[in-house]
Amino acid sequence: MRVLVVDDEAPARDRLAGLVSDLADHEAVGEAASGEEALELAQRLQPDLVLMDIRMPGMGGLEAARHLAALSRPPAVIFVTAYDTFAMEAFEAQAVGYLMKPVRRERLARALRHAARPTRPQLAALATADPDSRPVRSRIAARLGDALHLIPVDTVYYFQADQKYVTVRHAGGSDLIDEALKDLADEFRDTFVRVHRNALVALAHVEALTTDPQGRLQVRIRDVDELLGVSRRHAAEVRRRIQKT
Amino acid sequence: MPVETKGTGRREDGLFLPDLCTPSAVLAVVLIAELVALVLALAAHPGNTAFWDSLARISLFLLWCALLSAALLCVLRPRLAALEAGRASAAAMAVVLAVVAAVSVGAWWMGRWWEGLPPLLASPAVQGLSGFVLTNVIIAAIVTGLTLRYFWVADQWRRNVQAEARARIDALQARIRPHFLFNSMNTIAALTRAEPRLAEEAVEDLADLFRASLADAGTMLSLKEELELCRVYQRIEQHRLGDRLSVDWQISELPMRARVPALSLQPLMENAIYHGVEPSTGGGTVSVEGRYDPEAGTIHLTVENPLPAGRPPGQREGNRMALENLRQRFALAWGEQAGVSASAEGDRYRVTLHFPATEEAP
């Protein structure tokens, strides 16, 4: 089994990698010091399993795991934590594998035997349970073939759903993601507003509300040429949210 | 009822009753008996001449009851202390009622034999023996019940105050975060493999830190010792965080023999690292600056850390608690002369301690 070790502290990484390599048929194929690096290495090295520290500067372990789940062949994940009052309860409740530092050899072996891929709902629930990490992702993962493209949420202009996919229109272009608009609306409810049954717009990028010759309400977004239609059902809410910002 | 005077009337055996063997307790028992006598005499003969006679006789009777009960309870105390509160109350009540019954029987017979003696409480001649005893036992049961209840409530209150004080001390001593403890253990486990000598040093450092944190609340150290603890703490964190952590020490001005409460600077460093350095990808520098004003005789110690984007550490629960603890301990040591202040300026967060430079424990 090929294992990727992720921890921001070098001694912790070294120890885990050492313990993994001590086990027969296991190999520590890489070490990452942050969530971002973990995603990069996971794509390059294609590990079977990731040992993921939760508390890391920048992108934490919970968010990194959520992005990993978007990979075409996502690795199994076991979380590792030194001390988190929230952790044990949440992990037990979600039946997601976790280990406490300092990790015991036998526990590690057992966890590796039972390792599983956490599902998206499990990961979302964990993120909400952690009082210290924000349940809101800082990035959105879009898959391009086998590669993962991370889009910072604050560069996203809008999300638009068609039959199967959601299009993310952002400063760097547009990408397709495999997520439900409803989940996105819930997660980013503080920064995005629903303008139509099929569209969420970033409040920060809204330039103005206009009406077209037929009298229909539209929203103009900075740096975006086309206008998005505002449905009658959402008009009042959109006006209220835009005035507030 | 002023039985508990300056803690002298109390033995620490866990029984809620005051220790009736002490002179102050005996005096209190006499006072209680007299008060009850007064109530009974007033009730029986409101404002006529028979009142004084009646008071004297009732007093005599009650003092016998009260002092005999107190003496018995004093002797029986070790046995009562072994019982739980409910049973101890019942036993104490039984003792008092038995004494009252016995004294009543004695008084009744005495009233019969000694024709010249005026009737005691009511007139025993008209009342039968059993009626007389029963009346007295009922009165005694009520008074004893109220008294026991009072002692129990007072004892509960005292225990609450003590428990609260102990919880406070515990909170003050539990200043080292579990987060830090487990991360350090993990670092030591890692170092044990790779660099056994560093692991050994880390264990020694951790031991020093815990020894200091387990010292009595209120222990004072010299600034030199406190700064050494901070360095020990820094060394442990350095193993873990490597290049991400740097500490800038500017403390040459400080009078190293000045006294500070143990672990007053260390928690500030811990907060600075936990909130300022750990969450930031590139790490950060914690600066510790000491200034000494020889004329005013005051020391200012400032710990400053960068604020990682999007996290206001000043509002964090742990940080607030640590500062509140420090404030209390400083107030305890120096009153108004010392203080703790915290402020965020731009992207730096700063906590300043100021206190008088004293070489003896204040």
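Structural data are supplied above this passage.
Described in the following lines is the structure provided in the data block.

**Describing the overall build of chain B**
Logical step 1: Along the backbone of chain B there are nine helices and seven strands.
Logical step 2: The 362 residues of chain B split such that 34% are buried.
Logical step 3: Residue pairs in contact within chain B that sit at least 24 positions apart in sequence constitute 70% of those at least 6 positions apart.

**Comments concerning the overall build of chain A**
Logical step 1: Looking only at helices and strands, chain A has eight helices and 15 strands in total.
Logical step 2: The 245 residues of chain A split such that 42% are buried.
Logical step 3: Long-range contacts, defined here as pairs at least 24 residues apart, represent 53% of the contacts in chain A between residues at least 6 apart.

**So, the sheet that holds strand S13 (residues 206–211) of chain A**
Residue and element names in this part refer to chain A.
Logical step 1: On the basis of which strands lie adjacent, the open sheet formed by three strands has the order S13-S14-S15 and antiparallel pairing. Every other strand in the sheet has two partners, leaving S13 and strand S15 (228–229) as the edge strands with one partner each.
Logical step 2: As paired elements, strand S14 (residues 217–221) and S15 share two bridges and run antiparallel to each other. Within S15, the position partnered with Val 219 by the bridge is Leu 228.

**A short note on the nonpolar core**
Where a protein is soluble and globular, its nonpolar side chains tend to be buried together.
Logical step 1: In terms of nonpolar packing, the biggest core is built from 88 residues, with A:Val50, A:Met52 and A:Ile78 touching the most fellow members.
Logical step 2: Here this core gets eight residues from one element, more than from any other, and that element is helix H7 (residues 223–241) of chain B.
Logical step 3: Aside from chain neighbours lying at most four places away, what touches A:Met52 is A:Val6, A:Ala38, A:Gly61, A:Ala64, A:Ala65, A:Val77, A:Ile78, A:Phe79 and A:Val80.
Logical step 4: By size, the runner-up hydrophobic cluster in this structure holds 30 residues, among which are B:Ala37, B:Leu62, B:Val99 and B:Val100.

**Brief notes about unusual backbone geometry**
All names here are of chain A.
Logical step 1: For the peptide bond that leads from Lys 101 to Pro 102, omega is -10°, which places it in the cis range.
Logical step 2: You can see Pro 102 is positioned in the loop between strand S5 (98–100) and helix H5 (105–113).
Logical step 3: With a phi angle near 50°, Gln 46 is a residue other than glycine that sits in the positive phi range.
Logical step 4: Within the secondary structure, Gln 46 sits in the loop between helix H2 (35–45) and strand S3 (49–53).
Logical step 5: In this structure, Asp 223 takes a positive phi of about 65° despite not being glycine.
Logical step 6: Among the structural elements, Asp 223 can be located in the loop between S14 and S15.
Logical step 7: The class of Asp 223 is exposed, set by 9 C-beta atoms lying within 10 Å.

**Quick look at the sheet that holds strand S7 (residues 348–356) of chain B**
Residues and elements named next belong to chain B.
Logical step 1: Pairing is mixed in the open sheet, where five strands are placed in the order S2-S4-S5-S7-S6. Strands at the two margins of the open sheet, each flanked by one partner only, are strand S2 (245–250) and strand S6 (339–345). Going from strand to strand, the sheet's axes swing by 15° on average, the running direction of each strand aside.
Logical step 2: Pairing geometry for strand S5 (residues 298–306) and S7, over nine bridges, is antiparallel. When the bridges of S7 are listed, His 300 appears paired with His 354.
Logical step 3: The strands that helix H8 (residues 266–277) touches are S2, strand S4 (284–293), S5 and S7; relative to S5, the one it contacts most, it runs at about 20°.

**What about the interface of chain A and chain B?**
Logical step 1: Opposite the 14 residues of chain A that make contact, chain B presents 20 residues.
Logical step 2: For the side of chain A that touches chain B, the class distribution of residues is seven nonpolar, three polar and four charged.

**Brief notes about the packing of H7(B) against H8(B)**
Residues and elements named next belong to chain B.
Logical step 1: Two numbers describe how H7 lies on H8: the axes approach to 9 Å, and their chain directions differ by 25°. As summarised for this structure, H7 and H8 are arranged roughly parallel, according to the angle between their axes. Between H7 and H8 lies a crossing whose hand is right-handed. Here H7 contributes Leu 229, Cys 230, Tyr 233, Gln 234, Glu 237 and Leu 241 to the contact with H8, which in turn contributes Gln 266, Met 269, Glu 270, Ile 273 and Val 277.
Logical step 2: Across the contact of H7 with H8, the residue classes break down as seven nonpolar, two polar and two charged.

**Regarding the pairing of strand S6 (residues 139–144) of chain A**
Every other side chain in a regular strand lies on the same face of the sheet, so the side chains alternate between the two faces.
Residues and elements named next belong to chain A.
Logical step 1: In this sheet, strand S7 (residues 147–152) lies alongside S6 in antiparallel orientation, the contact comprising six bridges. Each bridged residue has a counterpart across the sheet, and for Ile 140 the counterpart in S7 is Ile 151.
Logical step 2: What sits between the antiparallel neighbours S6 and S7 is a turn of two residues, in which Gly 145 has the positive phi angle 65°.

**Some words on the packing of helix H5 (residues 178–194) of chain B against H7(B)**
Residue and element names in this part refer to chain B.
Logical step 1: Packing of H5 against H7 leaves a shortest axis separation of 10 Å and a crossing angle of 65°. By the angle class used here, H5 and H7 are roughly perpendicular. In this structure, H5 meets H7 at a crossing whose hand is left-handed. Residues Asn 183, Ser 184, Thr 187 and Leu 191 of H5 touch H7, and the partners they reach there are Ile 236, His 239 and Arg 240.
Logical step 2: Each residue belonging to the contact of H5 with H7 can be placed in one class, and the counts come to two nonpolar, four polar and one charged.

**Here's the deal with helix H1 (residues 23–44) of chain B**
Since one α-helical turn is 3.6 residues long, residues separated by three or four positions face the same way.
Logical step 1: A rise of 1.5 Å per residue sets the reference length of H1(B), with its 22 residues, at 32 Å; its end C-alpha atoms lie 32 Å apart and thus fit the reference within 8%.
Logical step 2: All of the buried residues along H1(B) are B:Ala25, B:Ala28, B:Val29, B:Ala33, B:Val36, B:Ala37 and B:Ala41.

**What to know about H8(B)**
Residues and elements named next belong to chain B.
Logical step 1: The first and last C-alpha atoms of H8 sit 15 Å apart over 12 residues, in line with the 16 Å expected at 1.5 Å per residue.
Logical step 2: For H8, the tally of buried residues reaches 12 of 12 residues, placing the bulk of the element in the interior.
Logical step 3: Listed in full, the buried residues belonging to H8 are Gln 266, Pro 267, Leu 268, Met 269, Glu 270, Asn 271, Ala 272, Ile 273, Tyr 274, His 275, Gly 276 and Val 277.

What counts, and at which threshold
- Numbering of residues starts from 1 in every chain and runs along the sequence as written.
- Labels are handed out in written order, letters beginning with A for the chains and numbers beginning with 1 for the ligands.
- In keeping with the predicted nature of the model, local features appear solely for residues at pLDDT of at least 70, side-chain atom pairs appear and are counted solely at 80 or more, and the whole-chain, interface and lining totals rest on all residues.
- Helix and strand definitions follow DSSP, with helices as H or I runs of at least four residues and strands as E runs of at least two, each counted in order from the N terminus.
- Any residue with 12 or fewer other C-beta atoms within 10 Å of its own C-beta is exposed, any with 20 or more is buried, and the rest are partly exposed; the C-beta atoms used are placed from the backbone.
- C-beta atoms are placed from the backbone for every residue, and two residues are taken to be in contact when these atoms lie within 7 Å.
- At least two bridges found by DSSP between two strands is the condition for calling them paired.
- Note on terminology: a nonpolar core is any set of buried Ala, Val, Leu, Ile, Met, Phe, Trp, Tyr and Cys residues joined through C-beta atoms within 7 Å.
- An axis is simply a line fitted to the C-alpha atoms; with a helix, the fit covers only the stretch in contact. Between two such axes, the angle follows the N-to-C directions and lies from 0 to 180 degrees.
- Polarity classes work like this: nonpolar for Ala, Val, Leu, Ile, Met, Phe, Trp, Tyr, Cys and Pro, charged for Asp, Glu, Lys and Arg, and polar for all others, with Gly in that last group.
- Between 65 and 115 degrees an angle is taken as roughly perpendicular, under 35 as roughly parallel, over 145 as roughly antiparallel, and anywhere else as oblique.
- In this scheme the handedness of a crossing depends on how the near helix is turned from the far one: anticlockwise by less than a right angle means left-handed, clockwise means right-handed.
- Helix span is expected to be 1.5 Å times the residue number reduced by one.

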